[in-house]
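Structural overview for review
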Amino acid sequence: MNNGKTFIVTGAASGIGAETCRLLKEQGATVIGVDRDPTGNADRFFEADLGDPASIDALVAELPEGADGLANIAGVPPTRAAEAVLKVNFYGLQRLTLAIVPKLADGASIANLASLAGFGWPNAVDQVKRAMKVSLDDDVAGFCRAEGLDNAEGGRSYFLSKEALIVWTMQNRWAWRDRNITMNCISPGPVDTPILGDFLQTLGERAKEDRKHMDRPGRPQDVAPVVAFALSEHAKWFRGANLTVDGGMSGHILSNIHQF
């Protein structure tokens, strides 16, 4: 369904990013990979640090024009410092996307990898709004200190990064409608990638509770097809949507909230 298309995939060296590259190539697409580790399944690779504004700007200058889509998959786990988590998972993603849109082809699709961790954004609206007033050029470390994120237990910075990403995606549902460029996000639950242990370490009892209800963690092979779909022409009527691929966990949480 993506035959003949060209896509840019961040986080391309491992996990969901690497599997997305492999699948898109299998579908007949040309894949441009972006990662700090320039290896993997892409046809071309660009090395970049998506927490560094200068690195992002240099990357955008080098990337070719006319790509048919951008898959923002790069991310860091909640065991990293709060500043790094917010910079890579949200502010860097935001900067890259806004800078690359003018170079994308008309009709392009943008797919942002969010997370089940962003599920609770309606209960964190005030903090999400404060986070969204900050950019990669601002004092992200100062914001983290002001919000208590640098000392927060349970990976709050990670949850906030994904909550902000879901909200930002919704906000931009029609941002580039004049060019038919759409943006949606994909929210996996726990996925068996090299950083799964980081999530289990950070989330502790919450992770154990989740695992009681899931028959297994997700796999990159479960998530990559949804990313490929979100990049395809078949998803063009999704605008600002959050596609959950979490083994039923979001439905489970909603059912408990509303006592069904």
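Residues numbered from 1 in each chain as written. Predicted model: local features only at pLDDT ≥ 70, side-chain atom pairs only at ≥ 80, totals over all residues. Heavy atoms only, no water.

1. Examining the overall build of the protein
Keep this limit in mind: Helix numbers and strand numbers start at the N terminus; a helix is a DSSP run of H or I with at least 4 residues, a strand a run of E with at least 2. Radius of gyration: over C-alpha atoms. The globule rule applied is 2.2 Å multiplied by the number of residues raised to the 0.38 power. Residue exposure (1.4 Å probe, protein chains only): buried if accessible area is under 20% of the type maximum, exposed if over 50%, otherwise partly exposed. Note on definitions: a residue-residue contact is assigned when non-hydrogen atoms from the two residues lie within 4.5 Å. Accessible areas in this description were obtained via Shrake-Rupley with a 1.4 Å probe; residue shielding takes into account the shown protein chains only. Within this scheme the basic residues Lys and Arg register as positive and the acidic residues Asp and Glu register as negative, but His and the chain ends are omitted. Every charge is mapped to an atom, namely NZ of Lys, CZ of Arg, CG of Asp or CD of Glu.
The number of helices and strands found in the protein is 10 helices and seven strands. Against the compact-globule benchmark of 18 Å for 260 residues, the protein has a radius of gyration of 17 Å, which places it among compact chains. If one aligns the C-alpha atoms of the protein with their principal axes, the spans along those axes are about 45 × 40 × 35 Å. The buried share of the protein, taken over its 260 residues, is 54%. The long-range fraction of contacts in the protein, counting pairs at least 24 apart against all pairs at least 6 apart in sequence, stands at 75%. Taken as a whole, the protein presents about 11700 Å² of accessible surface, with 48% of it coming from carbon and sulfur. Between the centroid of the 26 positive side chains of the protein and the centroid of its 32 negative side chains there is a distance of 4 Å.

2. So, the nonpolar core
Quick reminder of the rule: Here, nonpolar core refers to any group of buried Ala, Val, Leu, Ile, Met, Phe, Trp, Tyr and Cys residues whose side-chain atoms link them within 4.5 Å.
Within the largest apolar cluster, 45 residues are counted, with the highest numbers of intra-cluster contacts made by Ile8, Leu59, Leu86, Tyr91, Leu104, Ile110 and Phe143. Elements with a contribution of two residues or more to this core: β2 (30-35), α2 (53-62), α3 (82-100), α4 (125-131), α5 (140-147), α6 (156-171) and β6 (182-188). Top contributing element to this core by residue count: α3, with seven residues. Setting aside residues no more than four positions away along its own chain, Leu86 makes contact with Tyr91, Val140, Phe143, Cys144, Leu149, Ser157, Leu160 and Ser161. With 26 residues, the next largest nonpolar core counts Ala12, Leu23, Leu24 and Leu113 among its residues.

3. Regarding unusual backbone geometry
In the Ramachandran plot, Asn180 falls in the positive-phi region, its phi being about 55° despite a non-glycine side chain. Relative to the elements of secondary structure, Asn180 occurs in the loop between α6 and β6. On the basis of relative accessible area, Asn180 is assigned to the partly exposed category, the value being 32%. Phi angles above zero are rare outside glycine, and Gln259 is one such case at about 60°.

4. A look at α2
Since there are 3.6 residues in each turn of an α-helix, residues three or four apart along the chain are aligned in direction. Put simply, the test is: Comment: arc refers to directions from the helix axis out to C-beta atoms. We call two N or O atoms a polar contact when they sit within 3.5 Å, provided that within protein one can donate a hydrogen and the other can accept it, with sequence-adjacent residues counted only if both atoms are side-chain atoms.
The complete set of buried residues in α2 reads Ser55, Ile56, Leu59 and Val60. In a view along the axis of α2, the buried residues occupy a sector of 135°, so they form one face of it. Turned more than 90 degrees from where α2 packs its buried face, Ala54, Ala61 and Glu62 sit exposed. Where α2 is buried, its residues touch β2, β3 (44-47) and α3. By the N-cap criterion, in which a side-chain oxygen at the helix start approaches the backbone nitrogen of a residue two or three places on, α2 is capped by Asp52, the distance to Ala54 being 3.0 Å.

5. Observations concerning the sheet that holds strand β7 (residues 242-245)
So the rule is basically this: A pair of strands is treated as paired once DSSP finds two or more bridges between them. Axes here mean lines fitted to C-alpha atoms, for a helix over just the part in contact, with angles spanning 0 to 180 degrees between N-to-C directions.
The strand order β3-β2-β1-β4-β5-β6-β7 describes an open sheet built from seven strands, whose pairing is parallel. Looking along the sheet, the strands with just one partner apiece sit at the ends: β3 and β7. Strand-to-strand twist of the sheet, defined as the mean angle between neighbouring strand axes without regard to direction, takes the value 20°. Note: β2 against β3, four bridges, orientation parallel. Residue pairing across strands places Gly33 opposite Phe45, the latter belonging to β3.

6. Considerations on the packing of α3 against α5
Just so we agree on the cut-off: Should the near helix be turned counterclockwise from the far one by less than a right angle, the crossing is left-handed, whereas a clockwise turn marks it as right-handed. Throughout this entry, Asp, Glu, Lys and Arg are counted as charged residues, while Ala, Val, Leu, Ile, Met, Phe, Trp, Tyr, Cys and Pro are counted as nonpolar. The remaining residues, Gly among them, count as polar.
Here α3 crosses α5 at 115°, and the two axes come no closer than 9 Å. Considering only the axes of α3 and α5, their crossing is right-handed. Touching Ala82, Glu83, Leu86, Lys87 and Tyr91 of α3 are Val140, Ala141, Phe143 and Cys144, all from α5. Residue classes in the contact of α3 with α5 are distributed as seven nonpolar, no polar and two charged.

7. Regarding the confidence of the model for the protein
Selection criterion: For every residue, the predictor assigns a confidence score, pLDDT, that lies between 0 and 100.
Scored by pLDDT, the protein has a mean of 93; 92% of the residues are at 70 or more. No element of the protein has a lower mean pLDDT than helix α7 (residues 196-203), at 62, and none a higher one than strand β5 (residues 109-113), at 99.

8. Points about the packing of aromatic side chains
Using the following cut-off: In this analysis, rings of Phe, Tyr and Trp, with Trp reduced to its six-membered ring, are considered paired at centre separations within 6.5 Å, and the interplanar angle assigns stacked below 30 degrees, edge-to-face beyond 60, and tilted for intermediate values. A ring is scored as having a charge over it whenever the NZ atom of a lysine or the CZ atom of an arginine sits within 6 Å of its centre and within 35 degrees of its normal.
Under the counting rule described, the total for this entry stands at three aromatic pairs. With centroids separated by 5.7 Å and ring planes inclined at 80°, the aromatic side chains of Phe229 and Phe238 adopt a geometry described as edge-to-face. Taking NZ or CZ as reference, Arg173 lies 5.0 Å from the ring centre of Trp174, over its face.

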